[in-house]
Amino acid sequence: MLIKNGKVIIFEENDVKVKESDIEVENNIIKKIAKSIEPDINEKIIDATGKVVMPGLINTHAHIAMSIFRGTFEGCNLYTWLNEKIWPIEAKLTKEDVYNASMLSILEMISTGTTCVNDHYFMSEEIRKALEESKLRAMITRVLMDTDGEEASKKRIEEFVDLYESRDETNELITYSVSPHGLYTCSGKLLKEARELAIKYNLPIHTHFLESIDEIEDIKRMHGEEASKVLKKYFSEIHTILAHGVKLNDEDVEILKTMNCSIAHNPISNFRLGCKIADVTKYLQNGINVALGTDGQGSGNNLDMFETMKIAALAQGGIHENEARIDSKEVIKMATINGAKLLGIDKKVGSIEEGKNADIIIVDISKKLDNIKMIPNNDIISNLVYNTEGRNVDTTIVNGEILMENREIKFIKIEEILKRFS
Ligand SMILES: [Zn+2]
């Protein structure tokens with residue numbers, strides 16, 4: 001495959017640059033990036049003239065089956081939302097619900113430029129089935145918790161082991177994490193079991209961490225010390241993915257700096273649940289890797305990572321008055337290469353580089369009424385963050401396979417999926 005004449009987003013010497021180039025993809029690998037590459041006979045050519053070619057977006061924290069909760073339960077805090085609204089309904093979900101809702105989210109991701117998602121849910125065989133059919137890249141899991149007793153917890157661990165043991169080892173697109181729900185919903189015993197599973201299978205931990213103010217005291221009460229100390233006690237040397245990290249104080253930042261961890265920042269979900277906002281400028285300044293996520297649609301509204309990039313950039317202006325804060329170049333990296341680092345796959349994806357797997361999206365920035373917000377296009381990177389929407393994505397490629405071309409989805413029957421929803 002040869003992608004011709006695009007404005008390619010390249011990460012170079014800590015900078016983000018736009019370069020007019022062709023990209024040649026052989027099988028699933030980016031083979032060559034250069035000007036005026038001559039096509040081979042029978043090579044598929046994608047004309048990207050007037051379009052941006054960039055690394056696929058990586059959504060580092062989501063619950064894709066939660067598309068069914070879109071537009072519900074506004075104005076709750078996290079605890080009320082989980083305990084009184086979400087969990088009672090989730091207890092009644094069928095496998096079919098989880099499959100259909102996941103498929104709807106996958107359509108949303110492919111059509112808005114996400115090429116990889118880090119999911120956190122249950123009935124994950126259904127989620128895996130949907131992902132395999134649609135050929136998206138993902139990390140999946142079976143969430144663990146034990147607030148409802150030992151038996152229920154044991155069953156969840158068994159389900160996780162079944163999920164992992166039944167994996168298709170030839171499918172390199174799907175990887176796994178061990179996922180204690182959060183420190184306020186898991187006992188020390190369960191955190192220890194999660195640690196043992198992560199070591200046994202050599203998998204990362206993916207957990208909610210200090211998302212809301214209520215957790216701070218609850219975790220102290222349950223575990224006898226502050227959240228970061230609990231985290232360090234169980235997962236000190238383990239690759240750990242922390243969703244949210246809104247409520248980190250300076251001591252927490254110092255502790256996290258000593259760990260092998262990244263933060264998945266979900267600004268829209270945090271705003272919607274009234275959790276305030278993480279000071280990700282400070283985390284990044286302290287050398288902690290921060291990437292972006294949407295959370296599930298119940299709290300994050302949608303899976304459009306362009307919207308998340310914009311809100312992530314703007315929100316820092318709400319806490320940093322007259323101070324340096326993240327800019328659009330930093331935000332593009334948070335949505336791509338930082339996400340790949342968070343998942344431990346940055347040698348494979350997250351940037352457009354020769355030798356990496358071809359997870360690429362093409363964004364239409366051509367001069368037309370639909371793109372009026374981008375004109376004049378004084379700064380492509382700024383426009384990508386502040387004035388681009390998921391629906392501007394024209395083509396989505398994962399591992400060298402075209403999942404959407406000119407907004408035509410390849411492996412999913414859209415009408416079949418849409419008719420299952422109101
Ligand atoms: Zn979440």
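All values reported here derive from a predicted model rather than from experimental measurement. Residue positions are given per chain, counted from 1 along the sequence in the order it is written. Since the coordinates come from a predicted model, pLDDT governs what is reported: local features require at least 70, and pairs of side-chain atoms require 80 or more to be given and counted, while whole-chain, interface and lining totals use all residues. With hydrogens and water stripped out, all remaining heavy atoms of the structure feed into the side-chain values.

Engineer: Which residues make up the coordination of the zinc ion, and what values do they have?
Structural biologist: Metal donors: N, O and S atoms at distances within 2.8 Å, or within 3.2 Å for Na, K and Ca, with water omitted from the atom set so that some sites may seem incomplete. Bound to the zinc ion are the protein donor atoms His61 (NE2), His63 (NE2), His208 (NE2) and Asp295 (OD), situated 2.1 to 2.4 Å from the metal. The geometry test gives tetrahedral to four donors whose angles all lie between 85 and 135 degrees, gives square planar to four donors and octahedral to six donors whose opposite members are over 155 degrees apart with all other angles between 65 and 115, and gives irregular to the rest. One can describe the site at the zinc ion as irregular: its 4 donor atoms subtend angles covering 79 to 174° at the metal. Going along the chain, you hit the donors of the zinc ion in the pattern H-x1-H-x144-H-x86-D. Of the two residues, His208 sits in strand S12 (residues 205-209) while Asp295 sits in the loop between strand S15 (289-292) and helix H11 (297-300), which places them 87 residues apart along the sequence. The class for His208 is buried, based on a relative accessible area of 6%. Only protein chains enter the area calculation, which uses a 1.4 Å probe; residues under 20% of their type maximum are buried, those over 50% are exposed, and those in between are partly exposed. The exposure class assigned to Asp295 is buried, which follows from its relative accessible area of 3%. In DSSP terms, a helix is any run of H or I states spanning at least four residues, a strand is any run of E spanning at least two, and both are numbered starting from the N terminus.

Engineer: If you had to explain the packing of aromatic side chains to someone new, which residues and values would you point to?
Structural biologist: The pairing test for Phe, Tyr and Trp rings, Trp by its six-membered ring, is centres within 6.5 Å, and the orientation test on the planes gives stacked under 30 degrees, edge-to-face over 60, and tilted for anything in between. A full pass over the atoms with the stated rule returns 7 aromatic pairs. Geometrically, the ring pair formed by Tyr121 and Phe122 is stacked, given 4.4 Å between the ring centres and 25° between the ring planes. On the numbers, 6.3 Å between centres and 10° between planes, the contact of Phe160 with Tyr164 is stacked. You can see Phe160 and its partner Tyr164 sitting in helix H4 (residues 150-165), 4 residues apart, about one turn around the helix. Pair check on accessibility: Phe160 and Tyr164 agree, each one buried.

Engineer: Can you tell me about the nonpolar core, naming the residues and giving the values?
Structural biologist: Nonpolar core, defined: a set of buried Ala, Val, Leu, Ile, Met, Phe, Trp, Tyr and Cys residues in which side-chain atoms within 4.5 Å join the residues together. In terms of nonpolar packing, the biggest core is built from 110 residues, with Ile9, Met54 and Leu256 touching the most fellow members. Sort the elements by how many residues they give to this core and helix H2 (residues 95-111) lands first, with 9 residues. An automatic or database domain assignment supplies the start and end points of every domain. Each of two domains, domain 1 (2-56 + 351-409) and domain 2 (57-343), supplies a minimum of three residues to this core. Not counting residues within four places of it along the chain, the set of residues in contact with Ile9 comprises Val16, Lys17, Val18, Val52, Val53, Met54, Pro55, Ile332, Ile352, Ile380, Ile381 and Leu384. By size, the runner-up hydrophobic cluster in this structure holds 17 residues, among which are Met1, Val25, Ala358 and Ile402. In what follows, residue pairs with any heavy atoms lying within 4.5 Å of each other are defined as contacts.

Engineer: Describe the state of the cysteines, listing the residues and the values that go with them.
Structural biologist: Put simply, a disulfide is two cysteine sulfurs that come within 2.5 Å. Per the counting criterion, the structure on display carries 0 disulfides. Residue Cys261 stays outside any disulfide, its sulfur separated by 17 Å from that of Cys186, the closest cysteine. Residue classification places Cys261 among the buried residues on the basis of a relative accessible area of 9%.

Engineer: Give me the packing of helix H5 (residues 188-201) against helix H7 (residues 227-235): which residues, what numbers.
Structural biologist: Interaxial distance between H5 and H7 falls to 9 Å at its minimum, and their mutual angle equals 45°. Classified by the angle between their axes, H5 and H7 sit oblique to one another. Between H5 and H7, the contacting residues are Gly188, Leu191, Lys192, Ala194 and Arg195 on the first element and Val230, Tyr234 and Phe235 on the second. When residue character is reported, Ala, Val, Leu, Ile, Met, Phe, Trp, Tyr, Cys and Pro are called nonpolar, Asp, Glu, Lys and Arg charged, and the others, Gly included, polar. Here the contact of H5 with H7 is built from residues that sort into 5 nonpolar, 1 polar and 2 charged. Only C-alpha atoms enter the line fits that serve as axes; for helices the fit covers just the stretch in contact. Angles between N-to-C directions range over 0 to 180 degrees. These descriptions rest on fixed angle ranges, namely under 35 degrees for roughly parallel, over 145 for roughly antiparallel, 65 to 115 for roughly perpendicular, and the rest for oblique.

Engineer: Break down the domain arrangement of the protein chain for me, citing the residues and quoting the values.
Structural biologist: The domain architecture assigned to the protein chain consists of domain 1 (2-56 + 351-409) and domain 2 (57-343). Contacts between domain 1 and domain 2 engage 34 residues on the former and 29 residues on the latter. Buried area: the accessible area, evaluated with a 1.4 Å probe, that two parts lose upon being put together, summed over both parts. Both sides of the domain 1 and domain 2 interface together cover about 2,500 Å² of buried area, and 67% of this is carbon and sulfur. The largest share of the area that domain 1 buries against domain 2 comes from Gly56, Val385 and Tyr386, three residues that together contribute 23% of it. Note on definitions: salt bridges are taken to be side-chain nitrogens of Lys or Arg within 4 Å of carboxyl oxygens of Asp or Glu. Applying the counting criterion to the domain 1 and domain 2 interface returns 3 salt bridges. Measuring nitrogen to oxygen at the nearest pair gives 2.7 Å for the salt bridge that ties Arg137 to Asp359. Two N or O atoms form a polar contact when they lie within 3.5 Å of each other; inside protein one atom must be a possible hydrogen donor and the other a possible acceptor, and for residues adjacent in sequence the pair counts only when both atoms belong to side chains. Where domain 1 touches domain 2, the interface holds 8 residue pairs in polar contact (both at pLDDT 80 or more). Counting residues per element, the ones that place at least two in the side of domain 1 that touches domain 2 are strand S1 (2-12), strand S2 (15-26), strand S5 (51-55), strand S16 (360-364), helix H15 (380-386), strand S17 (393-398) and strand S18 (401-405). Take the side of domain 1 that touches domain 2: its biggest share by element is 5 residues, from H15. Grouping the constituent residues of the side of domain 1 that touches domain 2 by class yields 17 nonpolar, 10 polar and 7 charged.

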